[in-house]
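Residue-level structure breakdown
Residues per chain are reported as follows:
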Amino acid sequence: MADSTVARRVPIKDLVRYYLRLGLLGFGGPVALVGQMERELVAGKGWVTKEEMREGIAVCQSLPGPLAIQVGIWLSYLRGGFWGAWAGGWAFILPNFVIVATLAALYVHFGGLPWVTAIFYGVSPAVIALILHSCYRLTKLGMDDWLQWVLAGVAFAVTVAVRAEVAWIFLASGVVGVLYYGSLLRARAAASTTSSFLIGLPLVAGGADASAATSTMLGKLFVFFLKAGSLTFGSGLVIVPFLEKGLVQQTGWLNEREFLVAVAMGMMSPGPVVITATFVGFLVAGFWGALTATIGIFLPSFLLVLIVAPVLMRYRTNPTVQGFIKGAYAAAIGTILGACVLLGRIAIGDWLTALVTLASLVVLFRWKVSNPLLIACAAVIGLVAYPLLQPGWVFVK
């Protein structure tokens, strides 16, 4: 789609309306959400171009914090400016916050929700299918040549080998992209600009270590989740090991079972997966704990994107910047596929979950059903099959 056909400005109310809907009905985790944005905003509404979408994914995957919300903030900034980014981003978060906070309140009131494990059993393999389907669309969006596939393959292998998404993969791939696609003979200042907004980002995250008043539980929650949102790279799923170490092993705020239920809530609910923070915050300190944890986990995403976006908009046509984006985008595709393998080890443990994954892929590619309908069907399968099969591996690490 040509740039001339894309609306250069979208009313903030339209951005809010779209992201409220996406936050309410967007299932499948970060990659599925990004794929849905690509499908609806590029091919559907025509609000952004393929190039803008590709740039957003590459840059946001190179930043610490959850991918889906950052891409949403990025696109909102492009079409709504500074205030559009804040409005669109929080509209994306709000529906899921309300849903997860309500579920957390029910969990605390009833002393548990036995059906959560059954729904997780059915939904998690469908989530794998959504990730794979969305990744297929994203490869069509921005994978252009052999070097990008090589970078993606390396990123995939490293992600599977170390069982985590690592920041240096994105940065190293971006450097390779600069060397191959960029022009080293052109303005050196452009290259220094690129490195400044990528390497300088941890300086923003350093604010999380300020020894402010953390004597209260709300203060401790805010600082913990601010660090989580500032210092973890990759998709929302990669934040899980960081949260487990802090919440279960170090602070003891949750036990292993409560933590796994919180992660399941994040995966099963619409919107960004890191909404797990809302559930955790409620278990630790009630409603205000949920609100504090939610603000803490997402605030760095707004700050980081709003720092990077103006710089990239200024230098986006520079060959060095474009080379970095192409390399980082390829690494993003590889790490997403690698994360899918790691998640699959948790989600697929018997013949039924494997069948749900395959059937979901067939349905998505053949009939292109909506994500909420697919998740609803998978949830019903889980509710029916789990009591009958009683698989012992669910929630077992």
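Residues numbered from 1 in each chain as written. Predicted model: local features only at pLDDT ≥ 70, side-chain atom pairs only at ≥ 80, totals over all residues. Heavy atoms only, no water.

What follows deals with the overall build of the protein chain. A tally of regular secondary structure across the protein chain gives 16 helices and zero strands. Here the protein chain, with 397 residues, has 58% of them falling under the buried criterion. Across the protein chain, contacts joining residues at least 24 apart in sequence account for 78% of those joining residues at least 6 apart. Here the protein chain has roughly 16000 Å² of accessible surface; of this, 68% comes from carbon and sulfur atoms. (Helix = DSSP H or I, 4+ residues; strand = E, 2+ residues; numbered from the N terminus. Buried < 20%, exposed > 50% of the residue type's maximum accessible area, 1.4 Å probe, protein only. Contact = heavy atoms within 4.5 Å. Areas by Shrake-Rupley, 256 points an atom, 1.4 Å probe, with all protein chains shown as cover.)

In this structure, the second largest pocket occupies an estimated 250 Å³ of space. Lining the second largest pocket are 13 residues, with Arg-39, His-133, Arg-137, Leu-364 and Lys-368 positioned closest to its centre. Going through the elements one at a time, helix 5 (115-142) and helix 15 (351-366) are the ones with two or more residues in the lining of the second largest pocket. At six residues, helix 5 tops the list of elements feeding residues into the lining of the second largest pocket. Each residue belonging to the lining of the second largest pocket can be placed in one class, and the counts come to five nonpolar, four polar and four charged. (1 Å grid on protein atoms, 1.4 Å probe; cavity = no way out; pocket = protein on both sides within 12 Å on 5 of 7 lines; lining within 4 Å. Points joined across faces, edges and corners; volume = space filled by probe spheres on them. Nonpolar A, V, L, I, M, F, W, Y, C, P; charged D, E, K, R; others polar.)

Time to look at helix 12 (residues 256-268). With 13 residues, helix 12 extends 18 Å from end C-alpha to end C-alpha; this agrees with the ideal 18 Å at 1.5 Å per step. A large share of helix 12 lies buried, amounting to ten of its 13 residues. Here helix 12 has its buried residues at Phe-259, Leu-260, Val-261, Ala-262, Val-263, Ala-264, Met-265, Gly-266, Met-267 and Met-268. Its side-chain oxygen at 2.7 Å from the backbone nitrogen of Glu-258, Asn-255 defines the N-terminal cap of helix 12. (Expected span 1.5 Å × (residues − 1). Polar contact = N/O pair within 3.5 Å; in protein donor to acceptor, adjacent residues only side chain to side chain.)

Take the nonpolar core next. Note on soluble globular proteins: their nonpolar side chains tend to be buried together. Ranked by size, the top nonpolar core spans 115 residues in total, and within it Tyr-19, Met-37, Leu-75 and Phe-225 carry the most contacts. Top element by residues in this core is helix 4 (residues 67-110). It accounts for 19 residues. Apart from residues no more than four positions distant in its own chain, Met-37 is found in contact with Tyr-18, Tyr-19, Leu-22, Val-42, Met-53, Ala-68, Val-71, Gly-72, Leu-75 and Phe-92. In this structure, Ala-155, Val-158, Phe-170 and Ala-331 belong to the second largest nonpolar core, which totals five residues. (Core = buried A, V, L, I, M, F, W, Y, C linked by side-chain atoms within 4.5 Å.)

Another aspect to go through is the confidence of the model for the protein chain. Scored by pLDDT, the protein chain comes out at a mean of 81, with 85% of its residues at no less than 70. Of all the helices and strands in the protein chain, helix 9 (residues 201-205) carries the lowest mean pLDDT, 38, while helix 1 (residues 12-25) carries the highest, 94. (pLDDT = per-residue confidence, 0-100.)

Its 44 residues place the ends of helix 4 only 33 Å apart at the C-alpha level, less than the 64 Å of an ideal helix rising 1.5 Å per residue. The largest bend in helix 4 amounts to roughly 145° and is located at Gly-80. Counted residue by residue, helix 4 has 31 buried out of 44 residues, so it is predominantly covered. After helix 4 finishes, the residue Gly-111 shows a positive phi value of roughly 70°. (Bend = angle between axes of the 7 residues up to and from the residue.)

Taken as a whole, this structure holds 17 aromatic pairs when the rule is applied. Pairing Tyr-18 with Trp-47 gives two aromatic rings, centres 6.0 Å apart and planes at 70°, and the pair type is edge-to-face. In this pair, Tyr-18 is assigned in helix 1 and Trp-47 in the loop between helix 2 (29-44) and helix 3 (50-61), connecting sequence segments 29 residues apart. Judged by its relative accessible area of 4%, Tyr-18 falls in the buried class. Trp-47 sits in the buried class, given a relative accessible area of 13%. Residue placement shows Lys-326 over the ring face of Tyr-181; its charged tip is 4.8 Å from the ring centre. (Phe/Tyr/Trp six-rings, centres within 6.5 Å; stacked < 30°, edge-to-face > 60°. Lys NZ or Arg CZ within 6 Å of the ring centre and 35° of its normal.)

This model, assessed by the stated rule, comprises zero disulfides. Free of any disulfide, Cys-340 has its nearest neighbouring cysteine sulfur in Cys-135, separated by 7.7 Å. Cys-340 sits in the buried class, given a relative accessible area of 5%. (Disulfide = S-S within 2.5 Å.)

Two elements in contact, helix 4 and helix 13 (residues 276-315), have axes whose closest approach is 10 Å; the angle formed by their N-to-C orientations is 170°. On the basis of the axis angle, helix 4 is roughly antiparallel to helix 13. For the crossing formed where helix 4 meets helix 13, the hand is right-handed. Here the contact of helix 4 with helix 13 is composed, by residue class, of 36 nonpolar, five polar and no charged. (Axes fitted to C-alpha atoms, helices over the stretch in contact; angles between N-to-C directions. Parallel < 35°, antiparallel > 145°, perpendicular 65-115°, else oblique. Left-handed = near helix turned anticlockwise from the far one by under 90°.)

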